[in-house]
Amino acid sequence: MEKIQNYINGVFLAPKKNVYFDNIEPATGKAYCQIPNSDDADVELAVNSAKEAFPSWSGMSNELRSDWMMKLAEGIEARMDEFVSAESRDNGKPIKLAAHIDIPRAVSNFKFFATGIVHYSSESHLMHGVGVNYTLRKPIGVVGCISPWNLPLYLFSWKIAPAMAAGNCVVAKPSEVTPYTAYILCKVMEEINFPKGVLNIVHGYGQNAGDAIVRHPLTKAISFTGGTTTGKAIASIAAPMFKKLSLELGGKNPNIIFDDCDFDEMLSTTMRSSFANQGQICLCGSRIFVQRGIYEKFKTAFVEKVRKANVSFPTDPEAHLGAVVSRPHMEKVLSYIELAKEEGGIVLAGGHQVFLDAPYNNGFYIAPTVIEGLDYMCRTNQEEIFGPVVTLTPFDSEEDALRMANSTEYGLSATIWTRDLQRAHRMADQVQAGIVWLNSWLVRDLRTPFGGVKSSGVGREGGWEALRFFTEAKNVFVKY
Ligand code: NDP
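Summary of the structure given here. Just so you know, the residues in each chain are numbered from 1, in the order the chain's sequence is written. Under the rules for a predicted model, residues below a pLDDT of 70 receive no local features and side-chain atom pairs below 80 are neither given nor counted, while totals for whole chains, interfaces and linings still include all residues. Only hydrogens and water are set aside when side-chain values are computed; all heavy atoms of the structure are taken into account.

With that out of the way, let us pick up the environment of S273. Strands here are runs of E lasting at least two residues and helices are runs of H or I lasting at least four, both read from the DSSP assignment and numbered beginning at the N terminus. Considering the arrangement of structural elements, one finds S273 in helix 9 (residues 263–275). Assessed through its relative accessible area of 2%, S273 is described here as buried. Considering only alpha carbons, one finds S273 and S286, 13 residues apart in sequence, at a separation of 8.1 Å. Contacts were defined at the residue level, with two residues in contact if any of their heavy atoms lie within 4.5 Å. Among residues more than four places away in sequence, those in contact with S273 are N255, C284, G285 and W441. Residue burial is assigned from relative accessible area. The probe radius is 1.4 Å, only protein chains are included, and a residue is buried under 20% of its type maximum, exposed over 50%, and partly exposed in between.

Next up, the structure:
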């Protein structure tokens, strides 16, 4: 079986202890390659390599660094089909999703920050008659980037691209569940002769390799996307070491639908915002609140559409939903469906595992699931499920909708459907979320701040926010 390797100082390396574990294909439930079980010894190597590369990478002009990053983007484009099928195979997502969203977006991330860095300027503050302050924004040094499995290369590149563009050298760990496209990225780096040590990729479990990146005294900033519990553990280690921290964590996003909305557009977008990527996008709207006047109409139309959604193997061009990412994750999602029933929920669609024919009969498939009749404060409505499961709850007034929408510990994103302009802005202002979509969902401009409030995270990614995170500001005052 193929063994993927770490990539440290421009060289493919086996983990020091030479221990590997299986990478399981969600579509079939079978192992198809092996992943290094790296630990602190491998991270030590990677950090040293990044440290050595830092003076020359950070000393390079922004234009030259930008050129290198563009070459990385072009290298991905040149292997587009390979990246697309690897992402779909590793994650279980429909291949058309990987082709239209994941890999093109990873390319855009590199291009965006490659061009962004040549337009990045710092501030000056004039004190009339006294002097002038100017701000230098300097790269931090060695930084750690840790990313999850749901949008593997997309979220990995969303971190490493700004980190490198700003002049840092990186030690990065993709999720152990979906490491393959990060491995192909290393092949691209080798092919284009990317400067050695600038990006070091260490594969393995979060508790070993991830933890070692966070604890290493030389990783001066940690950019993490993943679950809120892991985020807490990382913060408890990094905060006393005074590391810069960017934490993009879980969500339980409300989708608030008023009875004056454009019904057809809302309905088709709500299908996507509920079940795209099997509901495994941190921005999916898992709690659907519908104004009572159209509740029954919405319920009937939505459930009919959901029942028709095609759950199939990822390479099936007709698949609306593919496999969820792993057996433990499938079991977790199914256990939440059981919990919902115990809490008094009525399953209107789905609610069960889906068994496909061989060779997919051991894959991890779940029917898209709609549940109603739950109290908004019950566990099903408060805890992140991160799968193809949504709940329906009616509401009467704006106040009602806001009280329920804001009732969770999370605050990542919210979607609001209404044609009433004033109400739309009022709701956008009041809903507790870092990102709000009015009459739309997942329209992304890479320049905008991205992140959540409450337990959904600390800090913002995207645009200048990311370049600010990956640099230290130094103020210099010059007396006239
Ligand atoms: P996890 O928190 O389990 O893992 C995320 C990453 O952290 C993985 O690479 C993981 O490695 C690693 N990790 C795990 N434990 C540690 C540790 N102790 N120290 C350092 N690193 C560690 O999240 P998932 O991968 O399960 O991703 C799903 C979660 O991500 C959901 O909660 C989702 O909401 C959130 N998410 C948030 C987004 C946002 O922008 N706010 C976007 C996308 C997802 P390993 O895989 O080996 O465990």
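Taken together, 30 residues form the shell around the ligand, and within it E176, T230, L249, C282 and E384 come nearest. For the purposes of these results, a polar contact is taken to be a pair of N or O atoms within 3.5 Å, where, inside protein, one atom must be able to donate a hydrogen and its partner to accept one; residues adjacent in sequence count only when each atom of the pair is a side-chain atom. G206 places a polar main-chain atom, nitrogen or oxygen, 2.7 Å from an oxygen atom of the ligand. One of the backbone nitrogen or oxygen atoms of G227 is found 2.8 Å away from an oxygen atom of the ligand. All accessibility values rest on the Shrake-Rupley procedure with a 1.4 Å probe; residue burial counts only the protein chains present in the view. For the ligand, whose free accessible area comes to 900 Å², the fraction covered by protein is 89%. For the shell around the ligand, the elements supplying multiple residues, two or more each, are helix 7 (206–215), strand 11 (219–225) and helix 8 (228–238). Element by element, the count of residues in the shell around the ligand is highest for helix 7, at 3 residues. Residues are grouped as follows: Ala, Val, Leu, Ile, Met, Phe, Trp, Tyr, Cys and Pro are nonpolar; Asp, Glu, Lys and Arg are charged; all remaining types, including Gly, are polar. Across the shell around the ligand, the residue classes break down as 13 nonpolar, 12 polar and 5 charged. Definition of nearness: a residue and a molecule or strand are near each other if at least one heavy atom of the residue lies within 4 Å of the molecule or strand.

Among the nonpolar cores identified, the biggest contains 97 residues, and F110, I160, M164, V170, L185, L199 and L283 are the most heavily contacted of them. Per-element accounting of this core gives the leading share, 10 residues, to helix 5 (residues 152–165). A domain-level breakdown of this core finds at least three residues from each of domain 1 (6–249 + 456–479) and domain 2 (254–446). Setting aside chain neighbours within four positions, we find I160 in contact with F110, C145, V170, A172, L185 and L199. By size, the runner-up hydrophobic cluster in this structure holds 31 residues, among which are I257, I288, F298 and L348. Throughout, nonpolar core names a set of buried Ala, Val, Leu, Ile, Met, Phe, Trp, Tyr and Cys residues whose side chains join them through atoms within 4.5 Å. Residue ranges assigned to each domain were obtained from an automatic or database domain assignment.

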